[in-house]
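Chain by chain, the residues:
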Amino acid sequence: MAMKLGTTLMIKGKIAKDVDRFAINLGEGPEKLGLHFNPRYDQSTIVLNSFDRRLGKELVVDHLCFAQGSEITVVMIFDSDGVKVMLPDGHQISFPNRLGLSQLPYLRVEGGQHLLPEV
Ligand code: GAL
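Residues numbered from 1 in each chain as written. Predicted model: local features only at pLDDT ≥ 70, side-chain atom pairs only at ≥ 80, totals over all residues. Heavy atoms only, no water.

**Side note on the overall build of the chain**
Check the secondary structure of the chain and you find zero helices and eleven strands. By the compact-globule yardstick of 14 Å for 119 residues, the chain fits well, its C-alpha radius of gyration being 13 Å. Along the first, second and third principal axes, the C-alpha set of the chain runs to 35 × 30 × 25 Å. Counting only contacts in the chain whose residues sit at least 6 apart along the sequence, the fraction spanning at least 24 positions is 56%. If you sum the accessible surface of the chain, you get close to 6200 Å²; carbon and sulfur atoms cover 49% of it. For the chain, the centre of its 13 positive side-chain charges and the centre of its 14 negative side-chain charges are spaced 3 Å apart. (Helix = DSSP H or I, 4+ residues; strand = E, 2+ residues; numbered from the N terminus. Rg over C-alpha atoms; globule rule 2.2 N^0.38 Å. Contact = heavy atoms within 4.5 Å. Areas by Shrake-Rupley, 256 points an atom, 1.4 Å probe, with all protein chains shown as cover. Lys, Arg positive; Asp, Glu negative; His and termini not counted. Charge placed at Lys NZ, Arg CZ, Asp CG, Glu CD.)

In structure tokens form, the structure reads like this:
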């Protein structure tokens, strides 16, 4: 996947009914993540973080607006400020480009969601 600065990524999928947490990871590779986007039903929050050999400081957002079992579209816009995540209800979360990445070639979804990314 070639996600360069200025790219918009649209991720559509159905969240599993019984999932506690899932994550969408974007970065240079599995050890260098510009964004770990981690909805948590067990805590009713969304946790965002970066990972560069170790986790950074968590950004915790109390806006878990999509239910288990639902079909969602999440839009991620990658620009020089970082990644803007548009949630299905239009709420926007900004996460800074802490690692100064100019490309995000790596995408991995962990956990209970079947997703179809479109760049
Ligand atoms: C940890 C969790 C990781 C990751 C991280 C985000 O507690 O085990 O999977 O979500 O938080 O900061």
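Next comes the rest of the description.
**Some points on the site of the ligand**
Around the ligand, the surrounding shell consists of His36, Asn38, Arg40, Asn49, Leu55 and Glu58. Here an oxygen atom of the ligand sits 3.0 Å away from a polar atom, N or O, in the side chain of arginine 40. Across the complex, the protein chains shield 59% of the 310 Å² of accessible surface that the ligand would expose by itself. Element by element, the count of residues in the shell around the ligand is highest for strand 3 (residues 32-40), at three residues. Of the residues that constitute the shell around the ligand, the class distribution is one nonpolar, three polar and two charged. (Near = heavy atom within 4 Å. Polar contact = N/O pair within 3.5 Å; in protein donor to acceptor, adjacent residues only side chain to side chain. Nonpolar A, V, L, I, M, F, W, Y, C, P; charged D, E, K, R; others polar.)

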